[in-house]
Amino acid sequence: MSCIVATIKTALKPLKMQKAIYPGSFDPLHNGHLDVISRAARLCDSVVVAVAANSSKNALLSTAKRIEIIEDATAAIPGVSVTEFDGLLVNFVIEQKADCIIRGLRAISDFEYEFQMALMNRQLQSSVETIFLMPNQEHIYLSSRIIKEIAGTGNDVRDFISEKAAAAIDKKLGFKKT
Ligand code: PNS
């Protein structure tokens, strides 16, 4: 037993979470994302919210608009910055000299995808650790896809996303709301 502990200790270097990358499509950012960002900011000195630019082909909002929405929503959270990234996430993490990747886990249904992604990222870059954070249960059912679906029917999604995000979606979908 003590032999196993010794092996693990030598294989894994100590990791202090000073800088974390929170990657995603954020199309759009919703309250569940915001909850995860707030939790990550409690754990790490700085959190870089990294908007995947390569997912913008199918995205409703442009990368620039998604960044603008996140910057606005996170302005009051200390240590948070927002940027885009392209290519492999692990390369971006190394480039940023970050310590870990943060991902939100809502339900069992997220697990398989997240598990696969975390292990592939570890295979690609063994020094990069993935940390999963659970949002508050009131946000557990939120997803950007469902929010876009509801907004697409002309219904109000302001309970789930910021005013700025809702306005951007309405504009994109051609809805005008007061
Ligand atoms: O919000 P999403 O869509 O679940 O985020 C997925 C994202 C952007 C984090 C993931 O697709 C990603 O990391 N893309 C970058 C390309 C990459 O590194 N792919 C290999 C990951 S296993």
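Preceding this paragraph is the structure being described.
Summarised in this report is the structure supplied together with it. What you see is a predicted model; the values in this text were computed from it and never measured.

This brings us to helix α7 (residues 163–173). Here α7 has its buried residues at A165, A166, A168 and I169. Axial view of α7: buried residues confined to an arc of 160°, hence all on one face. In this structure, the buried residues of α7 make contact with α3 (63–74) and α6 (144–152).

What follows deals with the nonpolar core. Among the nonpolar cores identified, the biggest contains 43 residues, and A20, I21, Y22, V47, V49 and I70 are the most heavily contacted of them. When residues in this core are grouped by element, the largest group, six residues, is from strand β2 (residues 46–52). The contact partners of I21, leaving out residues within four places of it in the chain, are V48, A50, F92, V93, Q96, A98, I101 and I102.

A few words now on the environment of G79. Topologically, G79 is positioned in the loop between α3 and β3 (80–85). C-alpha of G79 to C-alpha of E95: the two residues are 16 residues apart in sequence and 18 Å apart in space. If near-sequence neighbours (up to four positions away) are discounted, G79 is found in contact with A41, D45, S46 and V47.

Glancing now at the packing of α3 against α7. Contact geometry for α3 and α7: axes closest at 9 Å, N-to-C directions at 160°. Relative to α7, the element α3 lies roughly antiparallel. The segment α3 lies against α7, with K65, I69 and D72 engaging K164, A165 and A168. Tallied by class, residues from the contact of α3 with α7 come to three nonpolar, no polar and three charged.

What counts and what doesn't
- Sequence order as written defines the numbering, with residues in each chain counted from 1.
- It should be noted that, the model being predicted, local features are given only for residues of pLDDT at least 70 and side-chain atom pairs only at 80 or more, the latter also being counted only at that level, while totals for whole chains, interfaces and linings use all residues.
- Burial is judged by counting other C-beta atoms within 10 Å of a residue's own C-beta: 20 or more means buried, 12 or fewer means exposed, and anything between counts as partly exposed, with every C-beta placed from the backbone.
- Only DSSP runs of H or I reaching four residues or more are called helices, and only runs of E reaching two or more are called strands; each is numbered from the N terminus.
- Summarising the geometry, the arc corresponds to the directions from the helix axis toward the C-beta atoms.
- Our contact criterion uses C-beta atoms placed from the backbone: two residues qualify when those atoms are within 7 Å.
- A set of buried Ala, Val, Leu, Ile, Met, Phe, Trp, Tyr and Cys residues, joined through C-beta atoms within 7 Å, is what we mean by a nonpolar core.
- Note on method: axes are straight lines fitted to C-alpha atoms, helices fitted across the in-contact stretch only, with angles between N-to-C directions ranging 0 to 180 degrees.
- An angle below 35 degrees is read as roughly parallel, one above 145 as roughly antiparallel, one from 65 to 115 as roughly perpendicular, and any other as oblique.
- In this classification, Asp, Glu, Lys and Arg are treated as charged, Ala, Val, Leu, Ile, Met, Phe, Trp, Tyr, Cys and Pro as nonpolar, and every other residue, Gly included, as polar.

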